[in-house]
Amino acid sequence: MASALLAADSTQASAPVAHVNNPTSAPEASAPQASATIPAENNPVVLRIDNIRKSYGDLEVLKGISFDIHQHEVVALLGPSGSGKSTLMRCVNLLEQVNDGQIWLGDTDITDPAIKQDDIRARIGVVFQQFNLFPHMNVLNNVTLAARKVHHWDKNRANERAMELLERIGMGARAKAFPDQLSGGQQQRVAICRALMTNPELLLLDEITSALDPMLVGEVLDMVRELKEQGTTILMATHEMSFAHDAADRVVLLRKGVIAENGTPEEVMDNSQDPQTREFFSHLRG
Ligand SMILES: Nc1ncnc2c1ncn2[C@@H]1O[C@H](COP(=O)(O)OP(=O)(O)OP(=O)(O)O)[C@@H](O)[C@H]1O
Ligand SMILES: [Mg+2]
């Protein structure tokens, strides 16, 4: 087992936890929807999604979504194709602007138009399904690019942090390799390293295994499990139901733009009384 992938960068003054707010500092109107069964419920709120709405033209994709993610929680965002999982992730990463509602990262309202987006992006790591690495750049340059160009780290600091992360996943020797010389699984693991560069408070993983050869899915999921063991706070959209059941502390099920379920994997995936939810997870029960 590799050592802490998300351990504080030695050149940074503070570990990620220092940025996390006390939930009481968020507005009263958005009280946490805590459930007694959530193990991390007493931890500070890292991400608070408060009644967000998002439309594309006439199509309202997110119709008032609210939930919290607490520090060290792994939350699986599930739902049929087109239910709005990626849209929600893109709103959190500020790639899309919400039409209504607020998103809080720690005590920062990141939907405030005056926010410095690059500062927020340094606090959120993101990995998408595919096209994560630039094909014309080697692994080291891919991993360090945003830290150097967007967050203005000097080259030595960025290279040191990148090599530390790559060594931990056994890819230090491949730092000079180009993406097309790596397997899809290795590329995704490198993309996860890149997302961890700035010690983010939250990691967003959007279907990171769905473009992979089935043989390569396991190594990427193992890395996510390892991050979970190290206490990383993760929101992951996935169609890997068994993995979600196994690895998530909590499952949020989207259906037609609203939250159909929000609970533990056992509550939502095994024991829901809602016929549509039962149908959605029916293959899990055999
Ligand atoms: N940029 C866009 N412009 C217009 N419509 C969009 C845009 N992005 C997404 N949509 C629509 O929003 C809806 C939700 O899409 P989204 O990609 O969020 O779904 P998803 O739950 O991530 O699906 P999947 O499981 O297939 O990844 C879909 O109807 C999609 O066509
Ligand atoms: Mg999607």
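Residues numbered from 1 in each chain as written. Chains lettered and ligands numbered in written order. Predicted model: local features only at pLDDT ≥ 70, side-chain atom pairs only at ≥ 80, totals over all residues.

> Looking at this model, I keep getting lost on the overall build of the protein chain. Mind explaining?
Helix and strand counts for the protein chain come out as ten helices and ten strands. Taken over 286 residues, the protein chain has a buried fraction of 42%. Here the analysis covers contacts within the protein chain between residues at least 6 apart in sequence; of these, 68% occur between residues at least 24 apart. (Helix = DSSP H or I, 4+ residues; strand = E, 2+ residues; numbered from the N terminus. Buried ≥ 20, exposed ≤ 12 C-beta atoms within 10 Å, placed from the backbone. Contact = placed C-beta atoms within 7 Å.)

> How do you make sense of the site of ligand 1 when you look at a structure like this?
The full set of residues close to ligand 1 is Y56, V61, G79, S81, G82, S83, G84, K85, S86, T87 and E207. Element by element, the count of residues in the shell around ligand 1 is highest for helix α1 (residues 85–92), at three residues. For the shell around ligand 1, the residue count by class is two nonpolar, seven polar and two charged. (Near = placed C-beta within 6 Å. Nonpolar A, V, L, I, M, F, W, Y, C, P; charged D, E, K, R; others polar.)

> How should helix α5 (residues 184–196) be read in this particular structure?
Each full turn of the α-helix corresponds to 3.6 residues, which orients residues three or four apart in the same direction. With 13 residues, α5 extends 19 Å between its outermost C-alpha atoms, agreeing within 8% with the 18 Å of an ideal straight helix rising 1.5 Å per residue. Listed in full, the buried residues belonging to α5 are G185, Q186, Q187, Q188, R189, V190, A191, I192, C193, R194, A195 and L196. Considering only its buried residues, α5 is in contact with β6 (124–127), α3 (139–149), α4 (155–168), β7 (202–206) and α6 (214–229). (Expected span 1.5 Å × (residues − 1).)

> Explain the pairing of strand β4 (residues 100–105) here, please?
Strand residues, when the strand is regular, have side chains that alternate between the two faces of the sheet. Of the pairings in the sheet, the one linking strand β1 (residues 45–56) to β4 comprises five bridges and is antiparallel in character. By the bridge assignment, R48 is partnered in β4 with W104. In the sheet, β4 pairs with strand β5 (residues 108–109) via two bridges, with the strands oriented antiparallel. Paired with L105 across the bridge in β5 is T108. (Pairing = 2+ DSSP bridges.)

> What is the right way to read the nonpolar core from this model?
Side chains of a nonpolar character, in soluble globular proteins, are inclined to be buried together. Counting 69 residues, the largest nonpolar core has L77, L204, L235 and V251 as the members making the most contacts within it. No other element matches α5, which puts six residues into this core. Setting aside anything within four residues of it in sequence, one finds L77 in contact with K85, L88, L235, M236, A237, V252 and L254. (Core = buried A, V, L, I, M, F, W, Y, C linked by C-beta atoms within 7 Å.)

> Explain the sheet that holds strand β10 (residues 258–263) to me, please; I cannot follow it from the model alone.
In any sheet, the strands associate via hydrogen bonds between backbone groups, in a parallel or an antiparallel arrangement. Pairing is mixed across the open sheet formed by six strands, whose spatial order is β6-β7-β8-β3-β9-β10. Strands with a single pairing partner mark the edges of an open sheet, and in this sheet they are β6 and β10. Strand-to-strand twist of the sheet, defined as the mean angle between neighbouring strand axes without regard to direction, takes the value 15°. Against the sheet, α5 makes contact with β6 and β7, and its axis sits at roughly 165° relative to β6, the strand it touches most. (Axes fitted to C-alpha atoms, helices over the stretch in contact; angles between N-to-C directions.)

> Please explain the packing of α3 against α4 as it appears in this structure.
When two helices pack together, you describe them by how their axes are tilted relative to each other and by the distance separating the axes. Interaxial distance between α3 and α4 falls to 9 Å at its minimum, and their mutual angle equals 130°. Between α3 and α4, the angle is such that the two are oblique. Between α3 and α4 lies a crossing whose hand is right-handed. From α3, V139, L140, V143, T144, A147 and R148 reach across to α4, where they touch K155, A158, N159, A162, L165 and L166. (Parallel < 35°, antiparallel > 145°, perpendicular 65-115°, else oblique. Left-handed = near helix turned anticlockwise from the far one by under 90°.)

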